[in-house]
Structure formats: C-alpha cells, structure tokens
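Residue strings, one per chain:
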Amino acid sequence: MYKEMKKTLMITAFISIFVLCILIILIGNHTFNLIEDHYRDSKISQVNYFFDQNEKDLERIAITNAVWTDSLEALANGNDEWLTDNATEYVVLDDSFDIDYMFIMNEDGTYVRSYGSLKHDNIESVSGYKNTRIKKEKYFEITWFNEVPVMLYSSPFYDNEEENPSGCYILGRVIDERDFSEIKILLSDSLVEDIMITKTRMILTDEKYGTMNFSHLIKRNSDAYITISLNLKYYRKIAFETTAVIIVFLFVVALIAITYLSSNISNLSKNLALIIQTINGIADGDYHVKLEKSDNKGMVDVNTLIDSINKMSDDIENSIGKAEEYADKIDEKYFEMIELLVNVVEMNDLYTYHHSVSVSDYALMIGRAINFDDLANLDLAAKLHDIGKVSISTEILNKPGKLTDEEYSIIKTHSIKGFSLLNKVDRFEVAKYGVLHHHEYYNGKGYPEGLAGDQIPLIAQIISVADMYDALTSNRAYRDAMDSVAAIRILNEEKGKMLNPHLVDIFCEELSKKK
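Residues numbered from 1 in each chain as written. Predicted model: local features only at pLDDT ≥ 70, side-chain atom pairs only at ≥ 80, totals over all residues. Heavy atoms only, no water.

Peer 1: Tell me about helix α13 (residues 414-422), residues and numbers included.
Peer 2: If you check which residues of α13 are buried, you get H414, S415, G418, F419 and L422. What you see down the axis of α13 is that its buried residues fit within an arc of 140 degrees, all on one side. Packing partners of the buried residues in α13 comprise α12 (405-411) and α14 (431-437). (Buried < 20%, exposed > 50% of the residue type's maximum accessible area, 1.4 Å probe, protein only. Helix = DSSP H or I, 4+ residues; strand = E, 2+ residues; numbered from the N terminus. Arc of directions from axis to C-beta. Contact = heavy atoms within 4.5 Å.)

Peer 1: Could you give an account of helix α17 (residues 501-513), with specific residues and numbers?
Peer 2: Compared with the 18 Å implied by 1.5 Å per residue over 13 residues, the 19 Å span of α17 between its first and last C-alpha is a close match. For α17, the set of buried residues is L503, V504, I506, F507, C508, E510 and L511. Put simply, N500 is the residue that caps the front of α17, since its side-chain oxygen is 2.9 Å from the backbone nitrogen of H502. (Expected span 1.5 Å × (residues − 1). Polar contact = N/O pair within 3.5 Å; in protein donor to acceptor, adjacent residues only side chain to side chain.)

Peer 1: Any details on the side chain of N377? Residues and values, ideally.
Peer 2: Here N377 shows up in helix α10 (residues 375-383). At a separation of 3.4 Å, a polar atom in the side chain of N377 contacts the side chain of R427. Not counting residues within four places of it along the chain, the set of residues in contact with N377 comprises R427, V430, A431 and I459.

Peer 1: I'd like to hear about the nonpolar core, residue by residue, with values.
Peer 2: Judged by nonpolar contacts, the single largest core of 46 residues is most densely connected at F51, I104, Y169, I183, I226 and I228. In terms of residues, this core owes the most to one element, helix α1 (residues 2-66), which gives nine residues. L380, V465, L472 and L491 belong to the second-largest nonpolar core, a separate cluster that totals 35 residues. (Core = buried A, V, L, I, M, F, W, Y, C linked by side-chain atoms within 4.5 Å.)

Peer 1: Give a detailed account of the packing of aromatic side chains, specifying residues and quantitative values.
Peer 2: Note on aromatic pairs: each is described by the distance of the centres and the angle between the planes. Enumeration according to the criterion identifies ten aromatic pairs in this entry. Here F103 and Y129 contribute two aromatic rings whose centre-to-centre distance is 6.1 Å and whose plane-to-plane angle is 70 degrees, an arrangement assigned as edge-to-face. Here F103, found in strand β1 (residues 101-105), pairs with Y129, found in helix α5 (residues 127-135); they are 26 residues apart in sequence, far enough to count as distant. Neither residue differs from the other here; F103 and Y129 are each classed as buried. Taken together, the ring pairs connect Y362, Y469 and F507 into an aromatic cluster. (Phe/Tyr/Trp six-rings, centres within 6.5 Å; stacked < 30°, edge-to-face > 60°.)

Peer 1: Outline the pattern of salt bridges, supporting the account with residue identities and numerical values.
Peer 2: Per the stated rule, a full pass over the model turns up 17 salt bridges. E55 is paired through a salt bridge with K219; the nearest N and O atoms lie 3.4 Å apart. Here the residue E55 occupies a position in helix α1, and K219 occupies one in the loop between β7 (211-217) and β8 (225-231), the gap between them amounting to 164 residues. A salt bridge links D379 to K383; the nearest nitrogen and oxygen atoms lie 3.5 Å apart. Pair noted here: D379 and K383 are both in helix α10, with a separation of four residues, about one helical turn. Since its relative accessible area comes to 26%, K383 is described here as partly exposed. Each of D57, R60, D98, R173, R178 and E182 takes part in one network of salt bridges that share partners. (Salt bridge = Lys/Arg side-chain N within 4 Å of Asp/Glu carboxyl O.)

Listed below in structure tokens is the structure:
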C-alpha cells in the first residue's frame, strides 16, 4: 500500500506541476501580450503627440501672420510688397520656421501667390483648401505633394479680433528624415528599427521574434499612415528567463515536498491499512471491534480518526436496534395511511371504494401474467386511481341521468386532482402516474394529456383495462351491471382504441382461467 501511495503521490505531484507550468507559460504569454498592447498604445500616443505639437506650431505661425488686420487689408489690396515682408515669403525664407510651402489667396480668387520649394499643381483639391474657402475654418491634415508627405495647415485671414474671415492662408511642412529622428527619440531611439510614411495602412506581421510592428493613421482627417517597427527582444528575453526561473523553482519545491512526504507516509499507510480493515469489519456487521490509538505523536489526526471510528461503531450498533423498532412502526403506519385514503374515497362514493378494490385485484392479475416488475406500486395506483373524486360533488358522482358537458368536464379533472394529492408524498412517486394517466386512450384521444401507445406508462395501461371491465360489470347510478360476456365483447371492441390490445388479450385469458 505504501508503494502505491508513494507512486500516486509522485504522479499527482508531477502532473500538477506540469499543468501549473503550462498555465504559467500561457498566463505569462497573455500578460506579455497585454503589456505589448499597452506599450503599443503608449507609442502611438507619443507619435500623436509629435504631430499635435507640429499642428500647434503651424497654428502659431498662421495666427502670427494671418490673424492681423493689416494682413487682411494688404490681401484685399493685393499689396505684394507688404505681404512678402510681413506675412508670407519671409516665413519661408527663415529656416527657424521650417516652412516648405505657402499659399495665399484673397476672397474672390483674383490675388493668388505661392512660395517655397514645394509645388502643388492642384491645391484646390486639398481638403484644407476646401474647408477654409467654403466653411471659413482652420484645418490641419497630412497630405501628399507629388509623393512627398506634408503637414498642411489651412486658415482664413482674420482681423485683430479674429473676425471677418477672408481668403486663405496655407502653410506646408515636409515630413523628412529630421522628423523621423525626432520621432525615434520620442519612442526610444535604440528600439526603433524602421519608420515610414505611406498612403495606405501596411499589413504587417511580427515575423521576427521580439519585433513589434504597427501601422497607424496619423490624423483622422488625413490620408497618411506612419508604420513603425520596434525591437523588443530584450524584454522578451527577460519574460522568458523569468518564466524559466519560476518553473525550476516549482520543480525544486516539488522534489523537497515529495521527499518529506515519503518519509512520513509509511507510518500513515500502516495505520490506514488497520483502519480500513476495521471499517470493513464494521461493514460486515462486527460492531464490537475497537481500534487502538497510535503512540506516534505525529499521528494526532489519525488518532482522532480512530476515536471517530470507534464512536461510529458504537452509534451504529445502538442505532440498528432503534431502526428495527422504528421500521416496524413505519410499515404499520404506512398501511394505515393507505387504508385511510381508501376509506376517504368510500365516504364520498360507496361504489368508488368497492370499484377501487376490484380494479386492484384485476390489475394485479394482469401484472402477474406479464411479469410486471413493480406489483406493489401497481396495487397502490389501482386502489387510489379514483382518489381525485373525493374533491368532486356527490351530486355529480351519483347523478342517475346523463351528465352535462360541464359536469363531465368536472369528472375528468379527478385524475389530475388525484395526481396532485399523491404528488406531495414521496412514497407515491411511481403510483401517481398510474393515477394521472389511467384515462389516457391507446389511440391518443383520452385525457388529461392525450398520450398514445407506449407514451402511456404501462402501469396506467394495465389499470385502464381493469377499470373498464369492473365499471362495465358493476351497478352504476345511471345503469345496471353487464354480464362478463358483454363486458369482454366491449373490451375487445376497444382494442387499439381505448385499450392496449395485448393487455386486453392477457386479461381475457386470465379471467377465463378463473371460471
């Protein structure tokens, strides 16, 4: 036993560690993926910050030069010299502003000028131009000048109170290597492997271990994507090494635990074997056997178990005597209860009582003939099949004439009412279905559920045959009893309709043996 317990312990321990290691790896990968997602989002935020700062810088230049009453008047008058010196060309020529393109136009489009190294053949097609000219709004976007990505800021000219918008003032700044260098610094230069600006989103996969790739729309109003590759091999290595250390630690702890437990399991095994032997003796009826406690101080729990087993043995021995006494009383009360129920039926309708007893005799006759496996419940169900009639008026039950439709509907409720009464007592768990379904027809036209054929419980089908025969051969309030020959003829006519054909044949055969 000791060897088997030790073997089981070791197998269980190693399986548990293996499962735990798999969980640690899965959880570690999931956690690292979550960290990567968060890290990616933070880098996207940094990229957005870079372009937000450029937008603010271009806005500042536009406000300085285009939100100015003098500029607005010079534009309206077409004053080239003043605009060149104070609002337009000087901005392009001064490297500190970092402006590669400028375009201005007055309100009616009669005065148009452009400056800078960049050229655009159709500036009217740019979203910023349309937005400024039509809606008189400021607008920032990333667009393309002959395959070159450009940050473009568009604004109307305003007076000093930033009112009376007119014409348009457009500034352009090329996204070049210097911008890429600044972005790399923001993202941690050592981690960035590659940066590019494209017109469409790049479909990327992390082909190399430890590489994170993402393609991000720079601005909502733009048609430019920035695609970045980051080298995260160092962080992947740390995650892998941490997982490996945890797994090794778990194996070491498991080996120490197994060694310790193995040194104590032998004594435990011996005591358990003795306990099992004693329990088997108790199971075989030897309640006098008693276990002796162990002198080992480390077996406190085992000694507690021994005390419990000895007490259990004494309690079982005492309880058996009481149980045998109670069992006799329970059986006596049970039969009294059945007799009481039958008497309740008799109080309501004398015919029903005698009918129930007769139906029970006939049902048991059929049950024995077909080797029905639960004659006790068949007897119960047959005796109580009309128990529901106790809740129906005696005026209806004993009415000598034909029942009205309403009265017949009330009579039909007795099977459900009987079921409800018996459903409250566990002892009637099987019998109650014989009560509920004894008026189901074999062809499915009976009540209460319209069951047909084998859908009807066999116990109910047996009672149906016995019930019909006894009803036909008994005096009723509305007719005299038939003789057995007439009753059997009607039973045969109802084969396959109201009754199970095989059970009718069995009943007729058994009845003929008694004559």
